[in-house]
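What follows is the residue order along each chain.
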Amino acid sequence: MATIIETRGLSKTYGSQLALRDLDLDVEEGEILGYLGPNGAGKTTTIRLLLGLIAPTAGGATVFGLDVTRDAPEVHRRLAYVPGEASLWPGLSGAETLALLGRVHGYVDEAYRDELIERFDFDPSKKVRSYSKGNRQKLSLIAALMTRAELLMLDEPTAGLDPLMEQTFRECMRESKRARQTVFLSSHILSEVEALCDRVAILRAGELLQIGTLAELRHLSALTVHVTFGGAVPNVADVPGVSGVSVEGQRLSCELTGPIQPLLERLTRYDVRELLSAKPSLEELFLSHYGGDGGTA
Amino acid sequence: MFVLATVAAFPVAFPTFAERVKAVATLQSFAILLGQPYHAETLAGFTQWRVTTAIALMGAIWGLLTGTGLLRGEEDAGRWEILLAGPVTKARATGETLVGLGAALIVMYVATALGTIGSMRLPGVHYSALAALAFAATLVSGAAIFVAVGALVSQISATRGQAATLAAGIMGVAFLLRMAADSKKGWEGLLWLTPFGWIEKVRPLRDIDVLAFLPMVALVVACVVATMALASMRDLGGSVLREGEGSPRVGGWVIGPTTLALRLVRGTAIAWLVGIAIFSFFSGAVTRSASALLADSPGFAQVLGRLGVRAASEAYLGITFFMAVLVLAVLAAGMMSAVRDEEASGRLDNLIVRPTPRVVWLFGRVAIACLVVLLGGVIAGAATWAGSESQHVGVPLDKLLQAGVNATPPAIVVIGAAVFVLGVGPRLVSAVAYGIPAYSFVVELVGSLVKGQDWIRDTSLLHHIELAPAAKPDWGQDLVLVLIAAALAVAGAIAFQLRDVSYA
Ligand SMILES: Nc1ncnc2c1ncn2[C@@H]1O[C@H](COP(=O)(O)OP(=O)(O)OP(=O)(O)O)[C@@H](O)[C@H]1O
Ligand SMILES: [Mg+2]
């Protein structure tokens, strides 16, 4: 499997403002990488660096093994980009915009384009000026997808889409995956990332906190365990990997990291009535990284 | 704000020409441009003639750009939506913007008045404080009138560009009418039909005609009332005029960065080129009467001698091409601001995240700007010839075409300088691009009177252009300007390729 995106020590500062620090990232062919982080974390900065729109202050990046700055046109021939808020020419119609962007890109799957227009329920005959935000977003999604590019760089691509269109977008992503396209998906919609992405990278204040499959991330994070006993409540605080023990009557709650075996061994010696354990959702994972209060949001 | 600075600085420059008032006669040839001189042998008369129309014209341009920018541009950009979502109605937002503009005009007036009153202390000045105040009012009136006109057309236009074009068209017609009125004895009545005529008629420093203020005030009030009425009637983003529909055909002729650039500048360029054609035709058509007026003036033989000009008509036409030089430079500045706007708005991203190198995009935009300017020069020459031929003046076509082409190098320099600034300080593109012709114009007006300070005149682009057809075009000098522009553009393009994309 080939590495499509590779960054090494990729950094960007604006004056004294740090936007991205020492990013080392590998994105493999055919995978969908979810790129998460709170506002201002550096997601858009990363994408702009990878597109060669801005130059790194340190480090570098390659896409398809080509330098993103020096070989920009060659790289761009093989990728498609959807910005978070597309700024298009208000005087052109949707159809003209698609025709122009298609010609500039160099290749368009016309049948797929017409199918996308249909599926996204998009009316290309109007002027861009008159489109709603969601419709502008559809236009720039269609413009990117119709190229069938090897790599899709998507910066909050579904901002402003209604739930129906969000579904359509997910279908398109699944098709892209079947077609072995690589997708770099920055998003704030965690359910979308959870549903689509093979791996997730979490960024905070310009630094990469974690990267891995959802399962790996969950594995790294604590499992919440609730046990209700018929009789005596044991002391589990000394079991390896257990923390945050609290007891309320017959009910014990704790957090567990690492292997589950030691805790189970301790519990089987007591009268366990009910055992509940929960893997954190991506949302809880995400919130736990930003000092959120436990993940009830 | 540039106008403000100019206006404030202008009177300060007067003392240096106090003792040179006698030189007035040599400037008679500017009559068509600036209006008929009135008692120009006195300092007061000279000052008002020399300064009024030029300042009023710059004020008018500032006024229409600001008026349409604040009232239509902000709305187009969607910034009003945020405002109007609060407890603010559109009529109120419009009203507040107008009040803000009014306040800016008052500040401008006070600064100007301080300048004109200050100038009374200079040696050889004999006008009253009242006259100085009236003079300041006259200078600011162009800005005031066209802020109001800009506000009104903003209400009926569909886009900022359309509003600015419409306002500029109105201004152009007003200025042409004034030129017509001043080009022929007996046509002075026409002055009452145009704001620039009223401005000329006031003559605040010498035999003031207060009545001429009346139509100005009436026009401003009428525009403001109509603006408020329309603002409360129409939808946000709505308009009376419709903009042209986009072509529904898939795969029209807009197929790449350069054809896109053509499409984007098309509307503005056509409006300007038609304006240039009309202006030039008209200027050509009045050659006879205008040069007859020139020939009457006492100092004229002297001017002819100095310029080495054979015919009064060619001397006159030289002045009209001076106007063309300025217009082309301002047109170039407008096109280059639009280039920067393409980047700042993020629209450029759509092209350069696809396999279009930045410099290719830039080259297309610059090439089109140069072509439009060149076309403007040729049209100016051809239309002037057509106009003058309609009156059998007999200046040959090739001479006027050459004069037209000779009028383009300053605009080319504006383009080159704008590309340079785009590379090194993108936020300053507009300021520099418009600043160059404005600065050169001011220096040209003031500098001709400041003897012994030739270096000041040397900094004006207009100074490095021969006033063809009055003088022979100096192609060598023109080539130097074009080469300077090319060098600036190459340096700017390299910097642009290397720097980060910069958003608004
Ligand atoms: N042109 C710029 N000049 C100065 N600082 C900038 C610039 N662009 C981005 N930044 C800063 O860099 C940091 C990262 O911004 P970035 O746009 O990459 O965040 P993001 O993760 O995309 O956020 P969001 O979720 O809001 O889109 C922010 O602190 C931002 O203020
Ligand atoms: Mg972002």
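It should be emphasised that the depicted structure is a prediction, and the values quoted were computed from it without experimental measurement.

Basis of the calculations
Residues numbered from 1 in each chain as written. Chains lettered and ligands numbered in written order. Predicted model: local features only at pLDDT ≥ 70, side-chain atom pairs only at ≥ 80, totals over all residues. Heavy atoms only, no water. Salt bridge = Lys/Arg side-chain N within 4 Å of Asp/Glu carboxyl O. Helix = DSSP H or I, 4+ residues; strand = E, 2+ residues; numbered from the N terminus. Buried < 20%, exposed > 50% of the residue type's maximum accessible area, 1.4 Å probe, protein only. Pairing = 2+ DSSP bridges. Contact = heavy atoms within 4.5 Å. Buried area = accessible area lost by both parts, 1.4 Å probe. Polar contact = N/O pair within 3.5 Å; in protein donor to acceptor, adjacent residues only side chain to side chain. Axes fitted to C-alpha atoms, helices over the stretch in contact; angles between N-to-C directions. Core = buried A, V, L, I, M, F, W, Y, C linked by side-chain atoms within 4.5 Å. Parallel < 35°, antiparallel > 145°, perpendicular 65-115°, else oblique. Left-handed = near helix turned anticlockwise from the far one by under 90°. Nonpolar A, V, L, I, M, F, W, Y, C, P; charged D, E, K, R; others polar. Patch = residues over 30% accessible without salt bridge, like charges linked within 9 Å, V, L, I, M, F, W, Y side chains within 5 Å. Areas by Shrake-Rupley, 256 points an atom, 1.4 Å probe, with all protein chains shown as cover. Lys, Arg positive; Asp, Glu negative; His and termini not counted. Charge placed at Lys NZ, Arg CZ, Asp CG, Glu CD.

A. Quick look at the pattern of salt bridges. All names here are of chain A. Applying the stated criterion across every chain, the model contains 25 salt bridges over all chains. Where Asp26 meets Arg8, a salt bridge forms, and the shortest distance between an N and an O atom there is 3.1 Å. Here the residue Asp26 occupies a position in strand S2 (residues 17-28), and Arg8 occupies one in strand S1 (residues 3-14), the gap between them amounting to 18 residues. Looking at Asp26, the relative accessible area reads 25%, which means it is partly exposed. Between Arg266 and Asp238 there is a salt bridge; the shortest N-O distance is 3.0 Å. One end of the pair, Arg266, is in helix H9 (residues 261-267); the other, Asp238, is in the loop between strand S11 (223-229) and strand S12 (242-248), and 28 residues separate them in sequence. Taking the relative accessible area as the measure of exposure, Arg266 reaches 18% and is therefore buried.

B. The pairing of S11(A), seen in detail. Residue and element names in this part refer to chain A. Of the two faces of S11, only the one carrying Leu223, Val225, Val227 and Phe229 is buried; Thr224, His226 and Thr228 on the other face are not. Inspection of the sheet shows S11 paired to strand S14 (residues 272-278) by 6 bridges, in the antiparallel sense. Counterpart to His226 in the pairing with S14 is Leu276.

C. Representation of the interface of chain B and chain A within the structure. Taken residue by residue, the interface counts 35 residues in chain B and 33 residues in chain A. Summing the contributions of chain B and of chain A, the shared interface buries around 2,900 Å²; its carbon and sulfur component is 57%. The largest share of the area that chain B buries against chain A comes from Val353(B), Arg354(B) and Pro355(B), three residues that together contribute 24% of it. Summed over the shared surface of chain B and chain A, the number is 13 residue pairs in polar contact (both at pLDDT 80 or more). Elements supplying a minimum of two residues to the side of chain B that touches chain A: helix H11 (257-285) and helix H15 (347-352) of chain B. With 5 residues, the single largest contributor to the side of chain B that touches chain A is H15(B).

D. Summary view of the sheet that holds S14(A). Residue and element names in this part refer to chain A. One open sheet holds the 4 strands; their spatial order is S12-S13-S11-S14, and the pairing between them is antiparallel. The open sheet has two edge strands, S12 and S14, and neither has a second partner. Shown here is a sheet whose adjacent strand axes are inclined to one another by a mean of 15 degrees, direction ignored. Summarising the sheet, S11 and strand S13 (residues 251-256) pair through 6 bridges and their orientation is antiparallel. Residue pairing across strands places Val225 opposite Cys254, the latter belonging to S13.

E. Summary view of the nonpolar core. Counting residues in each nonpolar core, the largest one holds 181 residues, and the members touching the most others are Ile5(A), Tyr35(A), Leu145(A), Met153(A), Phe184(A), Phe196(B) and Leu362(B). Sort the elements by how many residues they give to this core and helix H14 (residues 312-344) of chain B lands first, with 16 residues. Discounting residues that sit within four places of it in the chain, Leu362(B) has contacts with Val339(B), Val419(B), Leu422(B), Ala493(B) and Phe496(B).

F. Spotlight on unusual backbone geometry. Of note in the backbone geometry, Arg148(A) takes a positive phi value of approximately 50 degrees without being a glycine. With respect to the helices and strands, the residue Arg148(A) is situated in the loop between helix H5 (133-145) and strand S7 (151-155).

G. Main features of the environment of Glu31(A). Residue and element names in this part refer to chain A. You can see Glu31 is positioned in the loop between S2 and strand S3 (32-36). Judged by relative accessible area, which is 8%, Glu31 ranks as buried. Spatially, the C-alpha atoms of Glu31 and Val183 are 6.4 Å apart, while their sequence positions differ by 152 residues. Residues within four places of Glu31 in sequence aside, it is in contact with Asp26, Lys177, Gln181, Thr182, Val183, Asp198 and Arg199. A distance of 2.8 Å separates a polar side-chain atom of Glu31 from the backbone nitrogen of Glu28.

H. View of the packing of helix H7 (residues 129-156) of chain B against helix H10 (residues 213-233) of chain B. Residues and elements named next belong to chain B. Taken N-terminus to C-terminus, the directions of H7 and H10 make an angle of 25 degrees; their axes are 9 Å apart at the nearest point. The pairing of H7 with H10 is recorded here as roughly parallel in orientation. Of the two possible hands of crossing, H7 and H10 adopt the one that is left-handed. Residues Ala134, Ala137, Thr138, Ser141, Ala144, Ile145, Ala148, Val149, Ala151, Leu152, Gln155 and Ile156 of H7 form the contact with H10, whose own contacting residues are Phe213, Met216, Leu219, Val220, Cys223, Ala226, Thr227, Leu230 and Ala231. Per-class residue counts for the contact of H7 with H10 are 17 nonpolar, 4 polar and no charged.

I. Broad picture of helix H1 (residues 43-50) of chain A. Most of H1(A) sits out of view: 6 of its 8 residues are buried. All buried positions along H1(A) are accounted for by Lys43(A), Thr45(A), Thr46(A), Ile47(A), Leu49(A) and Leu50(A).

J. View of a negative patch on the surface. The grouping of Glu118(A), Asp121(A), Asp123(A) and Asp162(A) at the surface amounts to a negative patch. Mapped onto the elements, Glu118(A) comes out in helix H4 (residues 110-119).

K. Structural context of a nonpolar patch on the surface. Residues Ile260(A), Leu264(A), Val272(A) and Leu275(A) make up a contiguous nonpolar surface patch of about 290 Å² in total accessible area. The topology assignment puts Leu264(A) in helix H9.

Without other data, these values stay purely geometric and don't point to any function.
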